[in-house]
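# Geometric and topological summary
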Amino acid sequence: RQGYSTTVTNAMALVFEVLGRFNRARAARLTLPHHVCQTPLFMPVGTQGTIKGLTNSQLEDIGCQIILGNTYHLALRPTSELLDEVGGLHNFMNWQRGLLTDSGGFQMVSLLHLADITEKGVTFQSPVDGKPMLLTPEESIQIQNRIGADIIMALDDVVKTTITGPRVEEAMYRTLRWIDRCIAAHKRPHDQNLFGIVQGGLDPILRDICAKGLVDRNLPGYAIGGLSGGEDKNSFWRVVAQCTAALPEDKPRYVMGVGYPLDIVVCSALGADMYDCVYPTRTARFGTALIPEGVLKLKHKAMAEDTRPIDPTCPCMVCKNYTRAYIHCLVTKDAMGSQLLSYHNLYYMLQLSRNLHSSIVEGRFPEFVCDFLHKMVCSRK
Ligand code: GUN
Ligand code: ZN
């Protein structure tokens, strides 16, 4: 057709409706193929197709709306052929709410330290048999199409923010080149949402080029990547502030691999909507509970005779039924200890997301943040 616009309009399988704002913070309804979610939104991480220590019905009980899976782990086991057979990961794991898969490259680079990135893709040694494997943007998307998550992530070239120099620029431009290969390979835009990932390290110019490049592709949502590793808080918050300002108002913004409760509050104030982090479940396995005052270490000997709940103000099943002393007893001896702590910690993160949402909708976000900071910072011993 003559005069056809060069801008590609990609199909979307989500609806993002902003319900309330406070300055840059927003609360929204995010309608996905499998679930209607409220933002700000915390997504628990389930690497092998499960959230360690919790059953699906427990996840539903605590109001979990969407969970995260990793392409790379799932492609190896159960394998994408089996996933095809059962009709995707939702059916395989019997989880009918939201699902997001990460593209796999980041996990290989950050977990295995064996990955080598070239223009073709990410080469790594299989942890199953040690053979070299190549994950290309096309393959990552093909696997994610088979997994069938509501949101799938582009394969990106991630470098640690502690690295500087030409490698950061190379990774950013490669991420932009790869997004086009991802878009071309994506076979299910009608029922799966491909998100692009802004890279560029701590360099505002590179971040800007990347954000603009991705926005030009008109994707259903955008992530801010490369931020969960070792940079100082000022740099971290500056990059988030810059990226959220550069991304569209009417699309979800996801800060990957973040974070701590305080980070989520700050990033939400800066206009971010979605988060994922292993922290609540990982720290639970080390015997640590998240509480409004910060953390509570259940292994500490002071817990041995403490008959209060983990958090007397928490209405979760664990806090209603068990004492600190009992959980102290379990943590080093029985898996139930970390299971109970994971339950409470995820409840805490999901409740924090819900409180952020309702305080923004109800016009009391500043009071909520003030109260949150007061408890978190002023009661530190
Ligand atoms: N998880 C945490 N950070 C990142 C990132 O930068 N890219 C991807 N793909 N996953 C992540
Ligand atoms: Zn609790």
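Residues numbered from 1 in each chain as written. Chains lettered and ligands numbered in written order. Predicted model: local features only at pLDDT ≥ 70, side-chain atom pairs only at ≥ 80, totals over all residues. Heavy atoms only, no water.

Now for the site of ligand 1. Lining the immediate environment of ligand 1, one finds D102, S103, F106, D156, V158, I197, Q199, G225, G226, S228, M256 and G257. Between ligand 1 and Q199 there is a distance of 3.0 Å, counted from an oxygen atom to a side-chain nitrogen or oxygen. One of the backbone N or O atoms of G226 is found 2.6 Å from an oxygen atom in ligand 1. Burial of ligand 1 by the protein amounts to 97% of the accessible area it has alone, namely 280 Å². Taken together, the residues of the shell around ligand 1 break down into four nonpolar, six polar and two charged. (Near = heavy atom within 4 Å. Polar contact = N/O pair within 3.5 Å; in protein donor to acceptor, adjacent residues only side chain to side chain. Areas by Shrake-Rupley, 256 points an atom, 1.4 Å probe, with all protein chains shown as cover. Nonpolar A, V, L, I, M, F, W, Y, C, P; charged D, E, K, R; others polar.)

Before going further, it helps to examine the sheet that holds strand 7 (residues 116-117). Backbone-to-backbone hydrogen bonds join strands into a sheet, with any given pair of strands oriented parallel or antiparallel. If you walk across this open sheet you meet the three strands as 7-8-9, and the pairing is antiparallel. Because the sheet does not close on itself, it has two edges, and the strands there are strand 7 and strand 9 (132-135). The pairing of strand 8 (residues 122-125) with strand 9 spans four bridges and is antiparallel. The residue bridging F124 from the neighbouring strand is M133, located in strand 9. (Pairing = 2+ DSSP bridges. Helix = DSSP H or I, 4+ residues; strand = E, 2+ residues; numbered from the N terminus.)

All right, on to the coordination of the zinc ion (ligand 2) then. For the zinc ion (ligand 2), the protein coordination sphere consists of C314 (SG), C316 (SG), C319 (SG) and H344 (ND1), at 2.1 to 2.4 Å. Around the zinc ion (ligand 2) sit four donor atoms; with metal-centred angles ranging over 99 to 116°, the donor geometry is tetrahedral. (Donors = N, O, S within 2.8 Å, 3.2 Å for Na, K, Ca; no water. Tetrahedral: all angles 85-135°; square planar, octahedral: opposite > 155°, others 65-115°.)

Taken in spatial order, the eight strands of this open sheet run 4-14-13-12-11-10-6-5, and their pairing is parallel. The open sheet terminates on both sides in strands that have one partner only, identified here as strand 4 (41-44) and strand 5 (66-70). Between one strand and the next, the sheet's axes are offset by a mean angle of 25°, whatever the strand orientation. Of the pairings in the sheet, the one linking strand 11 (residues 193-198) to strand 12 (residues 221-224) comprises four bridges and is parallel in character. Bridge pairing links G196 to Y222 in strand 12. Across the sheet, helix 8 (residues 233-246) touches strand 11, strand 12 and strand 13 (253-255), and the angle it forms with strand 12 is around 160°. (Axes fitted to C-alpha atoms, helices over the stretch in contact; angles between N-to-C directions. Contact = heavy atoms within 4.5 Å.)

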